[in-house]
Amino acid sequence: MLFRKKEKEQLELSKWYTADLSVCAIVLIFYPLIFFVYAYMYKMWMIAFFLVFVILLTKNNYLIDKTLPKPLKVVGIAVRSIVYTAVAVGAILPFTMNKDWAWYYPVQRAVYLSNYSDGCFLEDFLPKKVPFDAEDYQVTFLPKILQGEAVVKISFYTDSENLAEYTAYAESHCTERHDLDKPEAEAWKKRLIEDNIDYNGAVVYEFDGPYTPIYIINEKTGYIRIYY
């Protein structure tokens with residue numbers, strides 16, 4: 001028994017012990033600094049908080065043991081690779097939410113909607129994807145932070161086939177429709193002029209929801225703007 005105890009004391013502490021604690025510390029310190037802007041960040045923070053106690057309580061498992069079976073070492077490396085990657089991606093994601101990459105939109109949409117409950121209005125209002133070949137694609141995803149307001153702006157030009165899908169959705173789900181070629185839409189014309197949007201031939205669709213969500217579609221130019 002004494003021999004085993006001495007043998008155990010002679011084993012060195014693996015560098016993974018410091019590495020794992022450091023990763024947890026990054027999550028615990030860094031994530032709150034950006035105000036947990038997305039729901040997944042709070043969940044990862046709670047997991048990291050729990051893992052710190054697990055690591056401290058299982059410190060003996062970090063002692064270097066050359067007799068450890070190779071499959072277990074491989075499993076350990078694989079698990080760490082997944083966890084470390086998740087932490088890195090989780091830290092980077094909030095800074096990529098306004099990148100104008102059409103192919104990246106589904107990721108931005110999924111991350112943004114993580115702040116809302118299942119079945120919320122935005123799940124239906126925000127398109128699941130945008131055309132990869134969309135021209136002049138611009139996007140802004142701004143989550144609600146403290147007393148600020150949540151904002152979503154998506155705009156791009158596309159062909160008539162893709163535009164027809166958005167038009168069909170807007171026509172069937174909107175609560176009000178404003179044809180900007182008509183005189184009674186003067187107020188909307190002024191708003192579009194202020195935003196440097198060509199209103200000739202454009203139609204504004206209002207939806208029932210907070211902050212008056214709208215679609216602006218111009219079939220003449222192939223322009224669409226989604227605003228919430």
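Residues numbered from 1 in each chain as written. Predicted model: local features only at pLDDT ≥ 70, side-chain atom pairs only at ≥ 80, totals over all residues. Heavy atoms only, no water.

Draft legend 1. The confidence of the model for the chain, seen in detail. A residue-level look at the chain finds 87% of positions with pLDDT of 70 or above and a mean pLDDT of 80. Note on residues 1–6: pLDDT is under 50 here. Beyond four places in sequence and across chains, it has 0 contacts. (pLDDT = per-residue confidence, 0-100. Contact = heavy atoms within 4.5 Å.)

Draft legend 2. Layout of the sheet that holds strand β4 (residues 202–206). Sheet architecture is open: 6 strands sit in the order β1-β2-β6-β5-β4-β3, paired in antiparallel fashion. Across the chains shown, the open sheet's two edge strands, defined by having one partner strand only, are β1 (135–142) and β3 (176–179). When the angles between neighbouring strand axes are averaged without regard to direction, this sheet yields 10°. Bridge count between strand β2 (residues 151–157) and strand β6 (residues 223–227): 5 bridges; the pairing is antiparallel. By the bridge assignment for β6, K153 is matched with Y227. Its contacts with the sheet put helix α7 (residues 160–173) on β2, β3, β4, β5 (214–218) and β6, and the angle it makes with β5 is roughly 135°. (Pairing = 2+ DSSP bridges. Helix = DSSP H or I, 4+ residues; strand = E, 2+ residues; numbered from the N terminus. Axes fitted to C-alpha atoms, helices over the stretch in contact; angles between N-to-C directions.)

Draft legend 3. Just the environment of T167, in detail. Tracing the backbone shows T167 in helix α7. A relative accessible area of 8% places T167 in the buried class. Spatially, the C-alpha atoms of T167 and E219 are 8.7 Å apart, while their sequence positions differ by 52 residues. Not counting residues up to four positions away in its chain, the partners in contact with T167 are Y205, I217 and E219. (Buried < 20%, exposed > 50% of the residue type's maximum accessible area, 1.4 Å probe, protein only.)

Draft legend 4. Geometry of the nonpolar core. Counting residues in hydrophobic clusters, the biggest one holds 49 residues, and the most contacted among them are Y112, F125, L126, Y137, F141, I154 and Y215. At 6 residues, the largest contribution of residues to this core is made by helix α3 (residues 39–57). Among the nonpolar cores identified, the runner-up in size contains 10 residues, and L180, I197, A202 and I214 belong to it. (Core = buried A, V, L, I, M, F, W, Y, C linked by side-chain atoms within 4.5 Å.)

Draft legend 5. Helix α8 (residues 186–194), seen in detail. Within the sequence span of α8, burial applies to W188, K189 and L192. Buried residues along α8 cover an arc of 105° about the axis, so they all sit on one side. Across α8 from its buried face, at more than 90 degrees, point the exposed residues A187, K190 and E194. On its buried face, α8 is in contact with β3, β4 and β5. Two residues or fewer after α8 comes N196, characterised by a positive phi angle close to 60°. (Arc of directions from axis to C-beta.)

Draft legend 6. Looking closely at the side chain of Q108. Relative to the assigned elements, Q108 resides in helix α5 (residues 105–113). You can call Q108 buried: its relative accessible area is 0%. Among the polar contacts made by the side chain of Q108, one reaches the main-chain carbonyl oxygen of M97 at a distance of 3.2 Å. Apart from the residues lying within four places of it in its own chain, the contact partners of Q108 are T96, M97, N98, K99, W101, Y137, V139 and F141. (Polar contact = N/O pair within 3.5 Å; in protein donor to acceptor, adjacent residues only side chain to side chain.)

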